[in-house]
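Per-entry structural report
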Amino acid sequence: MLPFLRGLGGFAATVAFTFLGLLAITFFIGRVVPIDPVLAVVGDRAPQAVYEQAKVEMGLDRPLPMQFVSYVGKVLSGDLGKSVSTNNPVATDLARVFPATLEMATLGIIIGVLLGVPMGVMAASRQGSLTDQVIRVVGLLGYSVPAFWLGLVGLAVFYAHFGWVSGPGRVEIYLDGMVPTVTGLLLVDSLVAGDMEVFRSAVSHIILPAAVLGFFSLAYIGRMTRSFMLDQLNQEFVTTARVKGVPERVVLWRHAFKPIRVPLITVIGLSYAGLLEGSVMIETIFSWPGIGNYLTVALLNADMNAVLGSTLVIGAVFVGINKLSDLSYRILDPRAR
């Protein structure tokens, strides 16, 4: 029991120090960028007296260490400030927009895992073949093709030309707000409400941006899976299994794939966090009302409270996913316990 409590205490301390470092980075970045948060509030034509008063009210006249202590206290109490763009608390805005990004990124990582892992295993098992070359080219395209270009091409082909999917937005305009918000995930909320029309519209809107994100994630996951599998397929225990006449499918998925699950968790976790953080361009192209779109608008409006709040949430997601990966290590690999 005592080792468990020590491990739990160490885990909590690591999370706390990591989060504190994240707070420090976001705070000081917000103070060194060439954007004046006071001007964003009062405007560039405000008299100097009004400017100075607003600066005092915002606490920006105090030394940076005191500002940081005040910032940490507010964040820990759930206060991320007020958005200049929406005139709402930043925490309220983030609670509204983050589920949209989470929904799209989750579907994207599911596509990436379901396609990327089998592709990587297949490429490794047929090293040097035409199949391997094709899968490697797909992975190369995933690393080299710009996200905005692929999104625009997808809209032009599958929406404008064929009409197979719906266009920008999360749902048809006339269906917006038709189902009550329970989780913030429109696919889930529409099913809970039993409104299949909203569900079908939501699926039609999300499938293309999620597929674009899924393409980039499967390229990374597929490439890393192939690399891990090639290393395992050259091990003696795999050769021994083949000499004994074990079916190739069993050799691949039971003997060779099992040891790579732990490093593959890191790859999938980083890819998932990357989708949550790197969906800014995709959300802009598809007018997706997520945190990426919210962050873009905040940057254009010099809304530093919204920028810092969004950055903090994205960083917290990275920390959370990394810690979940560590926990998965302990479950899958007893040696890590």
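Residues numbered from 1 in each chain as written. Predicted model: local features only at pLDDT ≥ 70, side-chain atom pairs only at ≥ 80, totals over all residues. Heavy atoms only, no water.

Before going further, it helps to examine the overall build of the protein chain. A count of helices and strands for the protein chain gives 15 helices and zero strands. Seen through its principal axes, the protein chain has C-alpha atoms that stretch 85 × 60 × 40 Å. Out of the 337 residues belonging to the protein chain, those deemed buried represent 39%. Taking all contacts inside the protein chain whose residues are at least 6 apart in sequence as the whole, residues at least 24 apart take part in 71%. Averaging the locations of the 24 positively and 22 negatively charged side chains of the protein chain gives two centres separated by 13 Å. (Helix = DSSP H or I, 4+ residues; strand = E, 2+ residues; numbered from the N terminus. Buried < 20%, exposed > 50% of the residue type's maximum accessible area, 1.4 Å probe, protein only. Contact = heavy atoms within 4.5 Å. Lys, Arg positive; Asp, Glu negative; His and termini not counted. Charge placed at Lys NZ, Arg CZ, Asp CG, Glu CD.)

Another aspect to go through is the pattern of salt bridges. Taken as a whole and assessed by the stated rule, the structure comprises four salt bridges. Linking aspartate 132 and arginine 226 is a salt bridge whose minimum nitrogen-to-oxygen distance equals 2.8 Å. Of this pair, aspartate 132 sits in helix H6 (residues 130-144) while arginine 226 sits in helix H9 (residues 196-233); the two residues are 94 residues apart in sequence, bridging distant segments of the chain. Residue arginine 242 is joined to glutamate 248 by a salt bridge in which the shortest nitrogen-to-oxygen separation is 2.7 Å. (Salt bridge = Lys/Arg side-chain N within 4 Å of Asp/Glu carboxyl O.)

On to the packing of helix H5 (residues 90-125) against H9. Running from N to C, H5 and H9 cross one another at 35 degrees; their axes reach a closest spacing of 5 Å. Considering only the axes of H5 and H9, their crossing is right-handed. Split into classes, the residues belonging to the contact of H5 with H9 amount to 22 nonpolar, nine polar and two charged. (Axes fitted to C-alpha atoms, helices over the stretch in contact; angles between N-to-C directions. Left-handed = near helix turned anticlockwise from the far one by under 90°. Nonpolar A, V, L, I, M, F, W, Y, C, P; charged D, E, K, R; others polar.)

Before going further, it helps to spend a moment on the side chain of glutamate 103. As for its position among the elements, glutamate 103 is in helix H5. Given a relative accessible area of 9%, glutamate 103 falls into the buried group. Among the polar contacts listed, one links the side chain of glutamate 103 to the backbone nitrogen of leucine 186, at a separation of 3.1 Å. In contact with glutamate 103, not counting residues within four places along its chain, are Arg170, Leu185, Leu186, Leu187, Val188 and Ile206. (Polar contact = N/O pair within 3.5 Å; in protein donor to acceptor, adjacent residues only side chain to side chain.)

This part covers the environment of leucine 191. The topology assignment puts leucine 191 in helix H8 (residues 186-193). C-alpha of leucine 191 to C-alpha of valine 179: the two residues are twelve residues apart in sequence and 9.4 Å apart in space. For leucine 191, the contacting residues outside a window of four places in its chain are Met196 and Phe199.

Turning our attention to a nonpolar patch on the surface. Residues Phe148, Trp149, Leu152, Val153 and Met281 make up a contiguous nonpolar surface patch of about 470 Å² in total accessible area. Along the chain, the position of methionine 281 falls in helix H13 (residues 280-285). (Patch = residues over 30% accessible without salt bridge, like charges linked within 9 Å, V, L, I, M, F, W, Y side chains within 5 Å. Areas by Shrake-Rupley, 256 points an atom, 1.4 Å probe, with all protein chains shown as cover.)

This brings us to the packing of aromatic side chains. As enumerated under the stated definition, the model contains four aromatic pairs in all. A centroid spacing of 5.9 Å and a plane angle of 35 degrees characterise the contact between phenylalanine 158 and tryptophan 164, whose relative ring orientation is tilted. Ring geometry for phenylalanine 162 against tryptophan 164: centres 4.5 Å apart, planes inclined by 20 degrees, an arrangement best described as stacked. Cation over ring: arginine 223 sits above tyrosine 143, and NZ or CZ is 5.0 Å from the ring centre. (Phe/Tyr/Trp six-rings, centres within 6.5 Å; stacked < 30°, edge-to-face > 60°. Lys NZ or Arg CZ within 6 Å of the ring centre and 35° of its normal.)

Another aspect to go through is the nonpolar core. Grouped together as the largest cluster of nonpolar side chains are 68 residues, with contacts concentrated most on Leu23, Tyr71, Leu94, Met104, Met229, Phe257 and Leu312. Per-element accounting of this core gives the leading share, 13 residues, to H9. (Core = buried A, V, L, I, M, F, W, Y, C linked by side-chain atoms within 4.5 Å.)

Here histidine 205 shows up in helix H9. A relative accessible area of 3% places histidine 205 in the buried class. Within polar-contact distance, the side chain of histidine 205 engages the backbone oxygen of serine 201 at 2.8 Å. Every residue in contact with histidine 205, bar those within four places of it in the chain, is listed here: Ser166, Gly167, Pro168, Gly169, Arg170, Val171, Glu172 and Trp288.

Quick look at unusual backbone geometry now. Its identity as a non-glycine residue notwithstanding, asparagine 87 has a phi of 65 degrees, on the positive side. Inspection of the secondary structure assignment puts asparagine 87 in the loop between helix H4 (64-76) and H5. Take asparagine 87: its relative accessible area is 52%, and that puts it in the exposed class. Phi is positive for serine 287, which is not a glycine, with a value near 50 degrees. For serine 287, the location among the structural elements is in the loop between H13 and helix H14 (291-300). Overall, the relative accessible area of 40% leaves serine 287 in the partly exposed class.

Treat this as a map of the structure, not an account of what it does.
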